[in-house]
Amino acid sequence: MKESNAAAPPHATNSVRPEQFAHLTVRANGLAFHVAQCGTGDRLALCLHGFPECWFSWRYQLPLLAEMGYRAWAPDLRGYGESERPADINAYAVENLLADVAGLIDASGCRAAVLLGHDWGAVIAWYFAMRRLRPLERLVILNGPHPAVMSRAMRSCRQLARSWYVFFFQLPALPEWFLAAREYRAIDNAFRGMAVDQSRFPEEVLAVYRQNAARQGALAAMIHYYRALVRGGGAARQAALGYPVIDVPTLMIWGEKDTALGKETTFGTDRYVRNLTVHYLPRVSHWVQQEAPDAVNEILRSWLTQAESPVSPP
């Protein structure tokens, strides 16, 4: 395992321009997904967002990936943004989320795929690489622990306390009410309250996430991810399948000031990944690719341009 610490540089990333992004509707796994696209290459970079985000959380990385020759796709995951929103909790089972990713890769028609995931997107990306549903060229994880390491970390009182919201979200109705109260104040607080550099989350950025959360049925869909994982037994089913070693070259970028997931949830990841590179950003929060886009993009550019690695078998 290769590991480094890198300080986040001062703001230098250019402003995001709406004309950089094409917005597509892509049919995959029986649903219609809204996908933001940059680039037209035949190698796919598929970016999976977390909670309570949407495609917009990848706005700084999509142009970079396109510049590097990828067709960069950032979908709104099922239930989020402009993508379809099944009502049933079981629709958000891990197995369905993995099938969504497989369907999106197939729909792209690209010859190779790199999978990037942050937060919940990282959960999906880890399982997808483990289950080898489609060949991957590379795997990039941002502030999302490997499920086996997270399972171990949840035995500690410290991480249990940090993960209080996971248990709160198992309740019916109350979490939706809480997130919507006071004009979605909790959505604002999720970003600014956790961020080290709050200037990265001005009103116009927070408004994007509030507006997405305010869509009919969106809050329930977002929370159903957690309900399906815990109450619906998704995590237990995946644990029963085991945690085979991932052969895909994997990059982990970690904001050390994550108040939801301790740095210790990265320790021991190399037991489950054969070729792992870890970069820690010491003064960056959970929202790593939005808060430190210059540092993240520099790491991505360097790592993705290393000598090609063999594609893992399906």
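Residues numbered from 1 in each chain as written. Predicted model: local features only at pLDDT ≥ 70, side-chain atom pairs only at ≥ 80, totals over all residues. Heavy atoms only, no water.

Some thoughts on the overall build of the protein chain
Per the secondary structure count, the protein chain includes 12 helices and 9 strands. Computed over the C-alpha atoms, the radius of gyration of the protein chain is 18 Å, within 12% of the 20 Å expected from 2.2 N^0.38 for a compact globule of 314 residues. The principal-axis extent of the C-alpha atoms belonging to the protein chain is close to 50 × 45 × 40 Å. Within the protein chain, the proportion of its 314 residues that are buried is 58%. Sequence-distant contacts, at least 24 apart, represent 77% of the contacts inside the protein chain between residues at least 6 apart. (Helix = DSSP H or I, 4+ residues; strand = E, 2+ residues; numbered from the N terminus. Rg over C-alpha atoms; globule rule 2.2 N^0.38 Å. Buried < 20%, exposed > 50% of the residue type's maximum accessible area, 1.4 Å probe, protein only. Contact = heavy atoms within 4.5 Å.)

Quick word on the environment of Pro63
Locating Pro63 in the fold gives a position in helix H1 (residues 61-67). Between the C-alpha atom of Pro63 and that of Gln37, which follows or precedes it by 26 residues, the distance is 9.1 Å. Residue contacts for Pro63: discarding those within four places in its chain leaves Gln20, Phe21 and Cys38.

A look at the packing of helix H7 (residues 174-192) against helix H8 (residues 203-213)
The contact between H7 and H8 brings their axes to 9 Å, and the two run at 130 degrees. By the angle between their directions, the pair H7 and H8 is classed as oblique. The two elements H7 and H8 meet at a crossing, and its hand is right-handed. Contacts from Glu183, Tyr184, Ile187, Asp188, Phe191 and Arg192 in H7 reach Glu203, Leu206, Tyr209, Arg210 and Ala213 in H8. The residue makeup of the contact of H7 with H8, split by class, is 6 nonpolar, no polar and 5 charged. (Axes fitted to C-alpha atoms, helices over the stretch in contact; angles between N-to-C directions. Parallel < 35°, antiparallel > 145°, perpendicular 65-115°, else oblique. Left-handed = near helix turned anticlockwise from the far one by under 90°. Nonpolar A, V, L, I, M, F, W, Y, C, P; charged D, E, K, R; others polar.)

Describing the confidence of the model for the protein chain
Averaged over every residue, the pLDDT of the protein chain is 93; the share at 70 or more is 93%. Scored below 50 in pLDDT, residues 6-14 shows 20 contacts in the model against residues more than four places distant or in partner chains. Considering only residues more than four positions removed or in separate chains, one finds that residues 308-314, a stretch of pLDDT under 50, has 14 contacts. (pLDDT = per-residue confidence, 0-100.)

Quick word on unusual backbone geometry
Here Phe51 and Pro52 are connected by a cis peptide whose omega angle stands at -5 degrees. The phi angle at Glu183 is positive, at roughly 55 degrees, despite the residue not being glycine. Mapped onto the elements, Glu183 comes out in helix H7.

As for the packing of aromatic side chains
As enumerated under the stated definition, the model contains 20 aromatic pairs in all. A ring pair is formed by Phe168 and Phe178, whose centres lie 5.6 Å apart and whose planes are at 90 degrees; its orientation type is edge-to-face. Taken together, the residues Phe168 in helix H6 (residues 164-168) and Phe178 in helix H7 connect sequence positions 10 residues apart. Residues Phe191 and Trp287 carry aromatic rings whose centres are separated by 4.5 Å and whose planes lie at 40 degrees to one another, so their mutual orientation is tilted. Here Trp287 lies in the loop between strand S9 (276-281) and helix H11 (288-291) and Phe191 lies in helix H7, a separation of 96 residues in the sequence. Across the pair, exposure class does not vary: Phe191 and Trp287 are buried alike. Every member of this aromatic cluster is reached through a ring pair, and the members are Phe51, Tyr80, Tyr92, Trp120, Trp164, Tyr165, Phe168, Phe169, Phe178, Tyr225 and Tyr226. Over the aromatic face of Tyr60 sits the side chain of Arg200, whose NZ or CZ is 5.6 Å from the ring centroid. Here the basic side chain of Lys263 rests over the ring of Tyr280, its NZ or CZ set 4.3 Å away from the ring centre. (Phe/Tyr/Trp six-rings, centres within 6.5 Å; stacked < 30°, edge-to-face > 60°. Lys NZ or Arg CZ within 6 Å of the ring centre and 35° of its normal.)

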